[in-house]
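# Secondary and tertiary structure notes
Given next are the chains, with one letter for each unit.
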Amino acid sequence: MLLNCSIENWMSFADRASFSMIASKERQHGQRIPFIPKYKIKVLPIAAIYGGNASGKTNFFKALNFAKSLIIKGTQPDSLIPVDSFRLDIQKMDQPSSFTFELLIADMIYEFSFSIVRNSIVSEKLVQVSAASEKVLYNRKNGKPNFDTSLAKDQSLDFAFKGTRDNQLFLTNSVSQKIEKFKPIYDWFKYNLELVAPDSRFEPFEQFLDEGHPLYATMNSRLCQLDTGITHLGGESIPFENLPLPEPIKMKIRQELPEGMTFRLFTLGNERVIVTRKKGELIAKKLVTFHRKSDGTEIKFEIRQESDGSQRIIDLLPAFTELSAPHAKKTYVIDEVDRSLHTLLTRQMLETYLSTCSPESRAQLLFTTHDVLLMDQDLLRRDEMWVAERDVKGISHFFSFSEYKDVRYDKDIRKSYLQGRLGGVPRILLSDQKE
């Protein structure tokens, strides 16, 4: 689970901006708040980020995406790190960009942080936090790892550090060297942190193609409940050679796709296609929808024939279904969750997810939105509603509604927000009109 996140000197976040998923002391919706007995803390299962256009909401999403990519994919030798520092202050452009993540992994809290410039990792630190103390596992700075005394004699760690390039995270290289000690942190970013952009397609759509998948029936059932007109989704086999792909890409798939593995792709016609190699043969299937005609029979539709809203629901349903599954442990971050969706559909998906949350839950959903109808204390707590605001210097800041003392549990937050009392709304300048 994500407990806290801080970024500094990244895009519009010139100063340190912190975002917390630690629950406050308020009691509202307390029955669905995960509780961590070892640390005696409560962690929020959901958070909504509001704000005007260009306030920093998407920049926060991009910061998480950048950090995940740097940790999982790493960098190439002699390549520059694609740092995107604050550009409205010339001094900031030469200063490091910093990222800090406090994570609950299994039953242990870790704090992982790093600072970077374009050509190197300036610092990198991993701390293991127990209920009573903290242990700095390593603190990379000035070219030295500064391992904890319990790790200082581990020659494999020393070997891995010496092989870590200046532009590479030690965490990334240690995992590539098969060192298991720090792998849980790497695995959280790789497997537990899922990022869904407004214009991206959530990839595991093959769940809709496999009737044997444990989530197949649940997703199709929920699709019917959301008034899309779709009765269910399914797969249609198509010859691999008929796929509208450039020949070099087809050749690469023929040569490199291993037996039993699946390759996902999205065509220019907005089709979702999977290619699998079985017994040496390449098998392609595309996602299609089925509607019921007036005589009771079904008719097939191509995905491109569905509305933007229906396509968006199809893309988001695997995420919401997985979030609601028993023992779910992923943290989903969805930018513009309400894009192309009616507010009642968005609310229904959020309510369905929240109905499955409990003190034992370990899944999380963070999303950005402009839909103020979701700004409702019957749905979300005050500490689950955040605002991103850009000041007159172009610097973004985060605020939680729980920080405002006059925001009571029975207050109409939506009205106060739209009146500009809570920040995070556009400052629209109207020019004088001459008669």
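Residues numbered from 1 in each chain as written. Predicted model: local features only at pLDDT ≥ 70, side-chain atom pairs only at ≥ 80, totals over all residues. Heavy atoms only, no water.

## Comments concerning the overall build of the chain
Just so we agree on the cut-off: In this description a helix means any DSSP run of H or I spanning at least four residues, a strand means any run of E spanning at least two, and both kinds are numbered starting from the N terminus. The globule rule is 2.2 Å times the number of residues to the power 0.38, and the radius of gyration it is compared with is taken over C-alpha atoms. Burial classification: accessible surface area is computed with a 1.4 Å probe over protein chains only, and a residue below 20% of its type maximum counts as buried, one above 50% as exposed, and the rest as partly exposed. Throughout, a residue-residue contact means that at least one pair of heavy atoms, one from each residue, lies within 4.5 Å. The protein chains shown are the only cover counted for residues, whose accessible areas, like all others here, come from Shrake-Rupley with a 1.4 Å probe. Lys and Arg are tallied as positive, Asp and Glu as negative. Neither His nor the chain termini are counted. The atoms used to mark charge sites are NZ of Lys, CZ of Arg, CG of Asp and CD of Glu.
Along its length, the chain carries nine helices and 19 strands. For 435 residues, the compact-globule estimate of 2.2 N^0.38 gives 22 Å, and the C-alpha radius of gyration of the chain, at 24 Å, lies within 12% of that figure. By its C-alpha atoms, the chain is 70 × 65 × 55 Å across when sized along the principal axes. Looking at the chain residue by residue over its 435 residues, the buried ones come to 51%. Taking as baseline every contact in the chain between residues at least 6 positions apart, the subset at least 24 positions apart corresponds to 62%. With an accessible surface of roughly 22,000 Å², the chain has 50% of that area assigned to carbon and sulfur atoms. Both charge centroids of the chain, one from 60 positive and one from 57 negative side chains, sit 3 Å from each other.

## A few points about the sheet that holds strand β18 (residues 385-390)
Operational definition: A pair of strands is labelled paired if DSSP reports no fewer than 2 bridges between them. Angles shown run from 0 to 180 degrees and are taken between the N-to-C directions of axes, each axis being a line fitted to C-alpha atoms and, for helices, limited to the stretch in contact.
Read from one edge to the other, the open sheet built from six strands follows the order β10-β16-β17-β5-β18-β19, with strand pairing classed as mixed. Across the chains shown, the open sheet's two edge strands, defined by having one partner strand only, are β10 (193-196) and β19 (396-400). The mean inter-strand angle of the sheet, taken between neighbouring strand axes irrespective of direction, is 15°. Relative to β19, β18 is paired through five bridges, and the arrangement is antiparallel. Paired with Glu-389 across the two strands is His-397, which belongs to β19. This element, helix α1 (residues 57-72), spans β5 (46-50), β10, β16 (331-334), β17 (364-368), β18 and β19 of the sheet and lies at about 135° to β10.

## Quick look at the pattern of salt bridges
Counted only if it meets this: Here, a salt bridge means any Lys or Arg side-chain nitrogen found within 4 Å of an Asp or Glu carboxyl oxygen.
What the rule picks out here adds up to 20 salt bridges. Overlapping salt bridges, with partners in common, bring together Glu-236, Glu-271, Lys-286, Lys-300, Glu-302 and Arg-304 in one network.

## Quick notes on the environment of Thr-346
With respect to the element layout, Thr-346 can be found in helix α8 (residues 343-355). The class for Thr-346 is buried, based on a relative accessible area of 1%. Spatially, the C-alpha atom of Thr-346 lies 10 Å from that of Thr-369, the residues being 23 residues apart in sequence.

## Quick notes on unusual backbone geometry
Of note, the phi angle at His-327 is positive, near 65°, even though the residue is not glycine. Tracing the backbone shows His-327 in the loop between α7 (308-324) and β16. A relative accessible area of 76% means that His-327 is categorised as exposed. Look at Ser-340: it is not a glycine, yet its phi comes out positive at around 65°.

## Description of the packing of aromatic side chains
For any pair of aromatic rings, the description rests on two quantities: the centre-to-centre distance and the angle between the ring planes. Our working definition: We call Phe, Tyr and Trp rings a pair once their centres come within 6.5 Å, taking the six-membered ring for Trp, and we label the pair stacked below 30 degrees between planes, edge-to-face above 60, and tilted otherwise.
Within this structure, the stated rule accounts for 19 aromatic pairs. Geometrically, the ring pair formed by Phe-19 and Phe-60 is tilted, given 5.4 Å between the ring centres and 40° between the ring planes. With a gap of 41 residues between them, Phe-19 in strand β2 (residues 17-20) and Phe-60 in helix α1 connect regions that are remote in the sequence. Per residue, the accessibility class of Phe-19 equals that of Phe-60, and both read buried. Residues Phe-66 and Phe-99 carry aromatic rings whose centres are separated by 5.6 Å and whose planes lie at 35° to one another, so their mutual orientation is tilted. One end of the pair, Phe-66, is in helix α1; the other, Phe-99, is in strand β6 (residues 97-105), and 33 residues separate them in sequence. Judged by its relative accessible area of 9%, Phe-66 is buried. An aromatic cluster is present here, built from Trp-10, Phe-66, Phe-99, Phe-112 and Phe-114 joined pairwise through their rings.

## A look at the sheet that holds β6
An order of β2-β1-β6-β7-β8-β9 is seen for the six strands of this open sheet, with the pairing classed as antiparallel. Here the strands that pair on one side only, and so sit at the sheet edges, are β2 and β9 (134-141). The mean angle between the axes of side-by-side strands here comes to 10°, regardless of whether they run parallel or antiparallel. Pairing of β6 with strand β7 (residues 108-117) involves nine bridges; the strand directions are antiparallel. The partner of Leu-104 across the bridge, within β7, is Ile-109. Of the strands in this sheet, β1 (2-8), β2, β6 and β7 are in contact with α1, which crosses β7 at around 95°.

## Topic: the side chain of Thr-321
Short version of the rule: Polar contacts, as used here, are pairs of N or O atoms within 3.5 Å; protein pairs need one atom able to donate a hydrogen and one able to accept it. Residues neighboring in sequence count only if both atoms are side-chain atoms.
Its place among the elements puts Thr-321 in helix α7. Residue classification places Thr-321 among the buried positions, given a relative accessible area of 2%. At 2.7 Å, the side chain of Thr-321 and the backbone oxygen of Leu-317 are in polar contact.

## Structural notes on the pairing of β16
Applicable threshold: Classification remark: right-handed applies to a crossover when, strands pointing away from the viewer, the course from the first strand over the helix to the second runs clockwise.
Here β16 shows two buried faces, one formed by Thr-331 and Val-333 and the other by Tyr-332 and Ile-334. Alignment of β10 against β16, held across four bridges, turns out to be parallel. By the bridge assignment for β16, Leu-193 is matched with Thr-331. Bridge analysis of β16 against β17 gives four bridges, and the strand direction is parallel. Pairing of Ile-334 across the sheet is with Phe-367, part of β17. Handedness of the crossover joining β16 and β17 through α8 is recorded here as right-handed.

## With respect to helix α5 (residues 216-225)
This is how the line gets drawn: Taken from the helix axis, the directions to the C-beta atoms give the arc we talk about.
Taken residue by residue, α5 has Tyr-216, Met-219, Asn-220, Arg-222 and Leu-223 as its buried positions. Projected down its long axis, α5 carries its buried residues within an arc of 160°, all on one side. In this structure, α5 carries Ala-217 and Gln-225 as exposed residues pointing more than 90 degrees from its buried face. In this structure, the buried side of α5 is in contact with β11 (232-238), α7 and α8. Just past α5, the residue Asp-227 takes up positive phi, approximately 55°.

Remember that the coordinates give geometry; whether it matters functionally is a separate question.
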